[in-house]
Amino acid sequence: MKDVSRRWFMKTGSTMRLAAGMCAVLVPFALFGAMDRTRFNIGTYRFGDKVPGFRTEEHVKELKEAGVDFIASMRPGADAEAFYRTMDLFEKYGVGAIPEGGDAIGASCPVKAFGRVKEGKPMNPAVYVEAAKRFRPHPAIWGIDVGDEPHGMDLPNVGKAVEACRRLFPVPFLYVNLYPSYARVATNTTDIVNSQLGSATYKDYIEDYCRYVPLDYISFDIYPYSQSVPKGVGTFFNNLKIAADACVNHGKALWLVGQVNTWAPGEPLAENKMRYQ
């Protein structure tokens, strides 16, 4: 496949609380699908978002043959009918979609508001009210991507946005992905407000997520083979330990968004490095 994501998912050890009772029942269950969270699921990001004519039956079939269970942060785009035709193909081949809130529910794409989410998009609960009126459920839509990599100071507002989406959207799953432990601004400032992470430590960041965001898993992305990642694989394991410990302490599932290729053209990530993750 030509449209390869830098990110992929591993999902382990989940509970069924979220899938079973997370959302208000606004439409019959058959109108939307659900991820089987009792099994190991593999997903990837995007699917031909910027490649006209990419979302063909052939490519959807290739997704399934490659072992991909779902696509996260998929952008429907301006042509809603074309998107739902793609969802029909997803349903045919047993692939799920977790569309990005930026398109799926009418908010802007996730932004780093640095403690000011309540003043703008995409995690301001108010922006979802009108968007919910335009939402069309589909058996291939397993959930909604509420936002990506929130600032630590915004986590209370992220929790409110999740609660709002839980009331408004007839989907069994809401997705929020967190920063990795090396998230900082370019100047590596120690000022919390102006940093990417927005917390004094990564452990504080994860604990605040557990405190404020009512979801039963922790998901974070980390790219151990990127040149920008300090100490590479060592950082990967430290990040994994902090998140895994929090999952044990708070009874949550662990989701990992790993690295499947590089940013350098013509230099694909070696298979052994993907297997190592």
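Above this text sits the structure in question.
Residues numbered from 1 in each chain as written. Predicted model: local features only at pLDDT ≥ 70, side-chain atom pairs only at ≥ 80, totals over all residues. Heavy atoms only, no water.

> Go over the overall build of the protein with me, naming the residues and quoting the values.
Helices and strands together make up the secondary structure of the protein, namely nine helices and eight strands. Residue burial in the protein is summarised as follows: out of 277 residues, 51% are buried. Across the protein, every contact between residues at least 6 apart in sequence was considered, and the portion connecting residues at least 24 apart equals 79%. Counting every atom, the protein has about 12800 Å² of accessible surface; 54% of that belongs to carbon and sulfur. (Helix = DSSP H or I, 4+ residues; strand = E, 2+ residues; numbered from the N terminus. Buried < 20%, exposed > 50% of the residue type's maximum accessible area, 1.4 Å probe, protein only. Contact = heavy atoms within 4.5 Å. Areas by Shrake-Rupley, 256 points an atom, 1.4 Å probe, with all protein chains shown as cover.)

> I'd like to hear about helix α7 (residues 202-212), residue by residue, with values.
For α7, the complete set of buried residues consists of Tyr202, Tyr205, Ile206, Tyr209 and Cys210. Looking straight down α7, one finds its buried side chains confined to an arc of 135 degrees; they lie on one side. Of the exposed residues in α7, those oriented more than 90 degrees away from the buried face are Lys203 and Arg211. (Arc of directions from axis to C-beta.)

> Pulling in residues and values, what's your account of the side chain of Asn41?
With respect to the secondary-structure elements, Asn41 resides in the loop between α1 (17-21) and β2 (42-45). Residue classification places Asn41 among the buried positions, given a relative accessible area of 1%. In this structure the side chain of Asn41 is engaged in a polar contact, spanning 3.1 Å, whose partner is the backbone oxygen of Asp36. Looking at Asn41, its side chain comes within polar contact range of the side chain of Arg39, at 2.9 Å. (Polar contact = N/O pair within 3.5 Å; in protein donor to acceptor, adjacent residues only side chain to side chain.)

> With reference to specific residues and values, describe the packing of aromatic side chains.
The geometry of an aromatic ring pair is captured by two quantities: the separation of the ring centres and the angle between the planes. Enumeration over the complete set of coordinates arrives at 15 aromatic pairs. Taken together, a centroid distance of 5.7 Å and an interplanar angle of 65 degrees make the contact between Phe47 and Phe90 edge-to-face. With Phe47 in the loop between β2 and α2 (57-65) and Phe90 in helix α3 (residues 80-93), the pair connects residues that are 43 residues apart, well separated along the chain. Each member of the pair, Phe47 as well as Phe90, is classed as buried. Judged by centre distance (6.4 Å) and plane angle (45 degrees), the ring pair of Tyr179 and Tyr205 falls under tilted. With Tyr179 in the loop between β6 (174-177) and α7 and Tyr205 in helix α7, this pair connects stretches of sequence that are 26 residues apart. Exposure class is identical for Tyr179 and Tyr205. Each is buried. An aromatic cluster of three or more residues is present, and its members are Phe70, Trp142, Phe173, Tyr175, Tyr217 and Trp255. (Phe/Tyr/Trp six-rings, centres within 6.5 Å; stacked < 30°, edge-to-face > 60°.)

> Now, about the pairing of strand β3 (residues 70-74): what can you tell me, with residues and values included?
Across a regular strand the side chains alternate sides, sitting on one face of the sheet and then on the other. Summarising burial for β3: five of the five residues are buried, a large majority. Regarding topology, α2 serves as the crossover connection from β2 to the parallel β3, and that connection is right-handed. (Right-handed = clockwise from strand over helix to strand, strands pointing away.)

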